[in-house]
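Reading the structure
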Amino acid sequence: MTIALTLACLALAALAWWLQARRREEVARHAREVAELKERFEETEHAQTARMEAMLDSMIEGLIVLDATGRIARVNEAAETMFGMSRMMAGGTLLEAVRHHEVAALAARAAKEAKAIEQEIRIERPQPRVLQVSVVALRSPTGAEVGTVLVFHDVTRLQQLEAIRQDFVANVSHELRTPLSLIKSAAETLLDGGKNDPAVNARFLEIIDKHANRLSLLIDDLLTLSKLDAERVELDIRSVGLRAAVQDALDDALTLAQPRAIALENQVPVGLSAKVDAAKLRQVLGNLIENAIKYGRERGRVVVQGRATGAAMVEIAVCDDGPGIPAEARSRVFERFYRVDKARSREQGGTGLGLSIVKNLVQAHGGEVRVESELGRGARFFFTLPEAEANGNGTAPSARG
């Protein structure tokens, strides 16, 4: 009996040990499963966070998110650039990060009014910008404030373009009004009896013809710029000998240079050639040479030089010996209708679009334009074009043809 009882006890003990072992194994397995689930969840959460960060950083708009206490919770790269701040500012206040009281005031106002607010602001650091700010307070279903989102859209370039558009309209209106007024005045004089006097008749007909031509040139230049802006200019690219092309342009300019006794010199080396539309090159050279004659020194000279730059490009320079261009005007001379000396420009005539057309035509060929000048020592206008191989006799075709 004692042996049977002992065996029963041992069996029960073995069963208890086995059950405990199974329980420990189940507990361990469950713990492993929980750990794996947690790891997967954390990986998923991390991946989602990474995707969210990447998406926010790809935005061109600046984004700042504040938590319920008004502290910074998230900043994207665009906002960092706009305000010159770092993501180390997370946890700081909005005012500390952007250093702009108006932005901080907008965030506080949005939280109080519980509605989206939009406003335009101007910042000076790290560089002057105009920003369109949209601010909205975030609330839970119960109405509790959970944070604030600020979105910044940089409208600096849009404002600049709008200013350029307004200036362009004003300048075109002025350029059209002046010759039209003179034509109308001359026509009225003739109609009022001037046509009966041969001397008066001839003089006022010359005025009408002159300013009608001025209107025609202005319209032609505006159409050219319109095509360039729309990238609708077709280029007939060929290998063109630059010395011959420059000589053609200088010959065309003789009638303009002779009244001012200005000498025209062609210093472009023989054999230098470019891949260019010959007609467009002639237009570029014509504008630059005409400009040099108009603003050069009377009894002075205009020199055209050329060289290979060594980077599969050639460079042409049109130089005059006039009064030069002030430093503050050099960056603007290629703008439409911009005039360094407005009074002299009106007297000399022209549409005020020549240098802008030069810039656009050169860029259409893949080249660049620039100007160098010192007051009292003239101006030098440079432009580059793709270099072309010379033909067998060391020259390339002329621009004429």
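In the annotation of an unreviewed UniProt entry, the entry for the chain reads histidine kinase, and the organism field reads Opitutus terrae. In its Catalytic activity (unreviewed entry) section, the UniProt entry covering the chain states "ATP + protein L-histidine = ADP + protein N-phospho-L-histidine."

Further remarks concern the nonpolar core. Judged by nonpolar contacts, the single largest core of 48 residues is most densely connected at Leu281, Leu285, Ile289, Phe381 and Phe383. When residues of this core are assigned to their parent elements, the largest contribution, eight residues, is made by helix α9 (residues 278-295). Not counting the four nearest positions on each side in its chain, Phe383 is found in contact with Leu281, Val284, Leu285, Leu288, Val314, Glu315, Ile316, Val362, Glu368 and Val369. Judged by nonpolar contacts, the second largest core, of 23 residues, contains Met82, Ile117, Ile121 and Val133.

Turning next to the sheet that holds strand β3 (residues 117-123). Strand order in the open sheet formed by five strands is β2-β1-β5-β4-β3, with antiparallel pairing between adjacent strands. Two strands close off the open sheet at either side, each with one partner strand: β2 (72-75) and β3. The sheet shows a mean angle of 20° between the axes of neighbouring strands, direction not considered. Across three bridges, strand β1 (residues 62-67) lies against β2 in antiparallel orientation. Bridge assignment links Val65 to a residue of β2, and that residue is Arg74. Those strands touched by helix α4 (residues 101-113) are β1, β3, β4 (129-139) and β5 (145-154), and its axis lies near 170° from that of β3. Helix α5 (residues 156-191) rests against β3, β4 and β5 of the sheet, and its axis sits at about 135° to β4.

Parameters and conventions
Residues numbered from 1 in each chain as written. Predicted model: local features only at pLDDT ≥ 70, side-chain atom pairs only at ≥ 80, totals over all residues. Heavy atoms only, no water. UniProt positions renumbered as here; feature names shortened; annotations may be inferred. Core = buried A, V, L, I, M, F, W, Y, C linked by side-chain atoms within 4.5 Å. Buried < 20%, exposed > 50% of the residue type's maximum accessible area, 1.4 Å probe, protein only. Helix = DSSP H or I, 4+ residues; strand = E, 2+ residues; numbered from the N terminus. Contact = heavy atoms within 4.5 Å. Pairing = 2+ DSSP bridges. Axes fitted to C-alpha atoms, helices over the stretch in contact; angles between N-to-C directions.

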